[in-house]
Amino acid sequence: MVFMGIDIGSTTSKGVLMNEEQAILAQHLVHAGIGTSGPAAVKKELLAAAGLQDEDIDYTVVTGYGRRTYAEADSQVSELSCHAKGSAFLFPDVRMVIDIGGQDAKVIRLDSHGRMTDFVMNDKCAAGTGRFLEVMAGILQMDVSELEQEAAKATQTLRISSTCTVFAESEVISQLAAGAEIPALVKGICGSVASRTAGLVRRMGVEEKVCMSGGVANNGAVRRAMEEELGTEILYSPLAQFAGALGAALYAMEKAGKEKEHE
Ligand code: ADP
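Residues numbered from 1 in each chain as written. Predicted model: local features only at pLDDT ≥ 70, side-chain atom pairs only at ≥ 80, totals over all residues. Heavy atoms only, no water.

1. What to know about helix α1 (residues 38–50)
Working step 1: Under the 1.5 Å per step criterion, the end-to-end length of α1 is 18 Å for 13 residues, consistent within 8% with the ideal 18 Å.
Working step 2: G38, P39, V42, K43, L46 and L47 are the residues of α1 that are buried. Angular distribution of buried residues about the axis of α1 spans 165°; they occupy a single face of the element. Opposite the buried face of α1, by more than 90 degrees, sit the exposed residues K44 and A48. (Helix = DSSP H or I, 4+ residues; strand = E, 2+ residues; numbered from the N terminus. Expected span 1.5 Å × (residues − 1). Buried < 20%, exposed > 50% of the residue type's maximum accessible area, 1.4 Å probe, protein only. Arc of directions from axis to C-beta.)

2. A closer look at the site of the ligand
Working step 1: Near the ligand, the surroundings consist of 17 residues, among which T11, T12, K14, E134 and Q241 are the closest.
Working step 2: In the environment of the ligand, an oxygen atom lies 2.7 Å from a nitrogen or oxygen atom belonging to the side chain of E134.
Working step 3: One nitrogen or oxygen atom from the main chain of V144 is found 3.4 Å from a nitrogen atom belonging to the ligand.
Working step 4: Coverage of the ligand by the protein amounts to 88% of the 570 Å² it exposes when considered alone. (Near = heavy atom within 4 Å. Polar contact = N/O pair within 3.5 Å; in protein donor to acceptor, adjacent residues only side chain to side chain. Areas by Shrake-Rupley, 256 points an atom, 1.4 Å probe, with all protein chains shown as cover.)

3. Comments concerning the sheet that holds strand β7 (residues 105–110)
Working step 1: Taking strand neighbours across the sheet as the criterion, the five strands line up as β8-β7-β6-β9-β10 in an open arrangement whose pairing is mixed. Either end of the sheet is taken by a strand with one partner, and the two such strands are β8 (116–122) and β10 (234–235).
Working step 2: Two strands pair when backbone bridges link them, and strand β9 (residues 210–213) and β10 are joined in this way by two bridges, in the parallel orientation. Bridge pairing links C211 to L235 in β10.
Working step 3: In the packing of helix α6 (residues 182–204) onto the sheet, the strands contacted are β6 (96–100), β7 and β8, and the crossing angle to β8 comes to about 140°. (Pairing = 2+ DSSP bridges. Contact = heavy atoms within 4.5 Å. Axes fitted to C-alpha atoms, helices over the stretch in contact; angles between N-to-C directions.)

4. Considerations on the nonpolar core
Working step 1: By size, the foremost hydrophobic cluster in this structure holds 41 residues, and its most contacted members are I98, I100, I189, M212, V222 and M226.
Working step 2: Of all elements in the fold, only β6, β7, α3 (130–139), α4 (147–152), α5 (165–177), α6, β9 and α7 (220–230) reach the threshold of two or more residues within this core.
Working step 3: With 10 residues, the top contributor of residues to this core is α6.
Working step 4: Residues within four places of M212 in sequence aside, it is in contact with I98, I100, A217, V222, R223, M226, I234, L235 and A240.
Working step 5: Formed by 18 residues, the second largest nonpolar core is a distinct cluster that contains M18, L239, A249 and M253. (Core = buried A, V, L, I, M, F, W, Y, C linked by side-chain atoms within 4.5 Å.)

5. Some remarks on the sheet that holds strand β2 (residues 13–19)
Working step 1: Judged by pairing direction, the sheet is mixed, and its five strands sit side by side in the order β3-β2-β1-β4-β5 without closing on themselves. The open sheet is flanked by β3 (24–30) and β5 (75–76), the only strands paired with a single partner.
Working step 2: Pairing of strand β1 (residues 2–8) with β2 involves seven bridges; the strand directions are antiparallel. Paired with G5 across the strands is V16, a residue of β2.

6. Concerning the domain arrangement of the protein chain
The figure often quoted for interface size is the accessible area lost as the parts come together.
Working step 1: Split by domain assignment, the protein chain resolves into domain 1 (1–91 + 239–263) and domain 2 (93–236).
Working step 2: In this structure, domain 1 and domain 2 have C-alpha centres spaced 26 Å apart.
Working step 3: Taken together, the contact between domain 1 and domain 2 spans 15 residues of the former and 21 residues of the latter.
Working step 4: Both faces combined, the contact of domain 1 with domain 2 buries some 1500 Å², and carbon together with sulfur accounts for 68% of it.
Working step 5: When the buried area of domain 1 at its contact with domain 2 is split by residue, L80, F91 and A240 rank highest and sum to 43% of it. (Domains from an automatic or database assignment. Buried area = accessible area lost by both parts, 1.4 Å probe.)

7. Description of the side chain of T63
Working step 1: Within the element layout of this structure, T63 appears in strand β4 (residues 59–63).
Working step 2: What makes T63 buried here is its relative accessible area of 0%.
Working step 3: With sequence-adjacent residues up to four places away left out, T63 is seen in contact with I6, D7, I8, V77, S78, E79, C82, G244 and A248.

8. Notes on the packing of aromatic side chains
Working step 1: The full count for this structure, using the stated rule, is zero aromatic pairs.
Working step 2: When the ring centre of Y251 is taken as origin, the NZ or CZ atom of K85, which lies over that ring, is 4.7 Å away.
Working step 3: Sitting above the plane of the Y236 ring, R223 keeps its charged end 3.8 Å from the centroid. (Phe/Tyr/Trp six-rings, centres within 6.5 Å; stacked < 30°, edge-to-face > 60°. Lys NZ or Arg CZ within 6 Å of the ring centre and 35° of its normal.)

9. Here we look at the packing of α3 against α5
Working step 1: Put simply, α3 and α5 touch, their axes get as near as 10 Å, and they point 25° apart. On the basis of the axis angle, α3 is roughly parallel to α5. For the crossing formed where α3 meets α5, the hand is right-handed. On α5, the residues that touch F132, V135, M136 and I139 of α3 are T165, A168, E169, V172, I173 and L176.
Working step 2: A per-class count over the contact of α3 with α5 returns eight nonpolar, one polar and one charged. (Parallel < 35°, antiparallel > 145°, perpendicular 65-115°, else oblique. Left-handed = near helix turned anticlockwise from the far one by under 90°. Nonpolar A, V, L, I, M, F, W, Y, C, P; charged D, E, K, R; others polar.)

So, in structure tokens, the structure goes:
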């Protein structure tokens, strides 16, 4: 049997195909989120990569900010539950997930079964989200994926004092005009995202096993700054951005099983 999880985010669409042994058959990401043809493109690529047809998919769960816009799914599950499930699949002992996406950040607490027990989120302010990194990368004429390498060259950190993205933008431009070292500035920018979200984590109380999910987790400079902020190791998988889609595929498997029981 084949199960599909689709995660429609604010900036990207992600998908995972899984079999009943919980093996990942294919995963795919498209840089187009809610309100675009991103989800359809993801599905097409997943099927091609696994050599399957539409009718081979037994059950689909959709999650993410744009989940209500995808009529093809058999059911919808919240992104909080999916990130919790997907992260617990990647790290069975994990008790806290820090999910930083394109326009929000969430901190999710899990029980020993990988189920969400509590959460806090920031969906009001771009600081502490991927949007902040995108705005800053734009000023520096870089791609967000280049920030980590640039920060690695830094011999010092230029801290960003503004907590608002718009003010931080002016601050970075003034620093550049004053001849600031770019790597030090980039390290400060990554640190600023970590520091904002660490504030959310502290509101909940840091757990022992913490992982990051969402696209921003791919930035090692943010992860390391988060480790310093929280004084704990941050678990990371290259599948971090797929955690929601992975959770959705796992829910698809569970739901398909339950529907069969009721038949
Ligand atoms: P959403 O689900 O809201 O669309 P994602 O979890 O897919 O968000 O994450 C998208 C965000 O991740 C974007 O803001 C993007 O800039 C950021 N991102 C993706 N890859 C990287 C990377 N290598 N370094 C830093 N940020 C990244």
